[in-house]
Amino acid sequence: NLSLIESSTFNIPIRNIIVISTWSFGALTSLINVIVFIKILKKDTLYKYLLIMCIADFFYLILIVLVYLYPIFCNGRQIQSKCSASSKYMDLFNELAFDEYLTSCLAILNITIEIFLTLDRLFLVLNIKLFKNFNPNIVLSIIFTFALLYYLPVLLLYKIVEERT
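Residues numbered from 1 in each chain as written. Predicted model: local features only at pLDDT ≥ 70, side-chain atom pairs only at ≥ 80, totals over all residues. Heavy atoms only, no water.

### Concerning the packing of aromatic side chains
The test is simple: Two rings from Phe, Tyr or Trp (for Trp, the six-membered ring) form a pair when their centres are within 6.5 Å of each other. A pair whose planes differ by under 30 degrees is stacked, one over 60 is edge-to-face, and the rest are tilted. Burial classification: accessible surface area is computed with a 1.4 Å probe over protein chains only, and a residue below 20% of its type maximum counts as buried, one above 50% as exposed, and the rest as partly exposed.
Enumeration according to the criterion identifies four aromatic pairs in this entry. With centroids separated by 5.5 Å and ring planes inclined at 70°, the aromatic side chains of F58 and F59 adopt a geometry described as edge-to-face. Classification of F59 by relative accessible area gives partly exposed; the value is 46%.

### Details of the pattern of salt bridges
Here is the rule we go by: Each reported salt bridge corresponds to a side-chain nitrogen of Lys or Arg within 4 Å of a carboxyl oxygen of Asp or Glu.
For the coordinates displayed, the defined rule picks out one salt bridge. Close ionic contact of D120 with R121 constitutes a salt bridge, the shortest N to O distance being 3.7 Å. According to the relative accessible area criterion, D120 is buried, its value standing at 16%.

### Structural notes on helix α1 (residues 14-39)
What counts is decided by this rule: Segments assigned H or I by DSSP are reported as helices when at least four residues long, segments assigned E as strands when at least two residues long, and all are numbered from the N terminus. Expected helix span is computed as 1.5 Å times (number of residues minus one).
Here α1 is 26 residues long and its end C-alpha atoms lie 38 Å apart, about the 38 Å a rise of 1.5 Å per residue gives. Those residues of α1 not exposed but buried are N16, I20, G26, A27, S30, V34 and F37.

### Quick notes on the nonpolar core
Proteins that are soluble and globular tend to have nonpolar side chains buried together. Quick note on the threshold: What is meant by a nonpolar core is a set of buried Ala, Val, Leu, Ile, Met, Phe, Trp, Tyr and Cys residues, joined one to another through side-chain atoms within 4.5 Å. By the convention used here, residues are in contact when the closest approach between their heavy atoms is within 4.5 Å.
Within the largest apolar cluster, 17 residues are counted, with the highest numbers of intra-cluster contacts made by Y49, L109, I113, F116 and I143. Secondary-structure elements contributing two or more residues to this core are α2 (45-73), α3 (85-125) and α4 (136-150). The element best represented in this core is α3, accounting for seven residues. In this structure, L109 is in contact with A56, I143, F144 and A147, ignoring residues within four places of it in sequence.

### Observations concerning the side chain of T112
To keep it simple, the criterion reads: Any pair of N or O atoms that falls within 3.5 Å is considered a polar contact. Within protein, one atom must be able to donate a hydrogen and the other to accept it, and sequence-neighbouring residues count only if both atoms are side-chain atoms.
Relative to the helices and strands, T112 is located in helix α3. Only 2.7 Å separates the side chain of T112 from the backbone oxygen of I108, close enough to count as a polar contact. With near-sequence residues (within four places) excluded, T112 lies in contact with I143 and F146.

### Overview of the confidence of the model for the protein
What counts is decided by this rule: The quantity known as pLDDT measures the predictor's confidence residue by residue, on a range of 0 to 100.
Chain-level pLDDT for the protein is 75 on average; 70% of the residues reach the 70-or-more range. Per-element mean pLDDT across the protein ranges from 48 in strand β1 (residues 4-6) up to 88 in α4. Per-residue pLDDT stays below 50 along residues 1-8; that stretch engages in 14 contacts with residues further than four places along the chain or on separate chains. Within the model, pLDDT remains below 50 along residues 76-83, and this stretch shows 13 contacts once partners closer than five positions in the same chain are excluded.

### Considerations on unusual backbone geometry
Trans is the prevailing form of peptide bonds, just as negative phi is the prevailing case for residues other than glycine. For N127, which is not a glycine, the phi torsion comes out positive at approximately 60°. Note that N127 resides in the loop between α3 and α4. The exposure class assigned to N127 is exposed, which follows from its relative accessible area of 58%.

### Describing α4
Definition in use: Think of the arc as the fan of directions from the helix axis to the C-beta atoms.
Taking 1.5 Å as the rise per residue, α4 with 15 residues should run 21 Å; its terminal C-alpha atoms sit 20 Å apart, in good agreement. Buried within α4 are the following residues: P136, V139, L140, I143 and A147. Axial view of α4: buried residues confined to an arc of 95°, hence all on one face. Along α4, exposed side chains directed more than 90 degrees from the buried face belong to I138, I142 and L149. Residue N135 occupies the N-cap position of α4, its side-chain oxygen lying 3.0 Å from the main-chain nitrogen of N137.

Encoded structure:
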């Protein structure tokens, strides 16, 4: 069967290999962008925002790859396999903290920076100096705080319960 790569410890569908490869390539290109933006860091604040976006993209893609690989390589078993109860709770916590919360925060961070940059460039074209005097460090601090707080209810409202089968 061409849909699986099999070994004695795990089976990996070809689709998973393609998805992981694509995300890994995205992480590599984000890392290249980070290096380029660090080298050409100019006085224009646009570069600082783009650098932060590339760093967030890099970590987002790395986290997604790790979350995706974890059940495949976790002792050669899927998370749903027969593990101890504490191990299952730890797996569910990792899924909640990293897959649900942190990746969502990184996505919101990028979206918010993108909105801010779009408005900044729009006002520049319209010759409105609204964002001209904003300190990028303060703006980024506010955006980081917003991104972390926006998905906080996911951590507070999500219940981790053992499924009875």
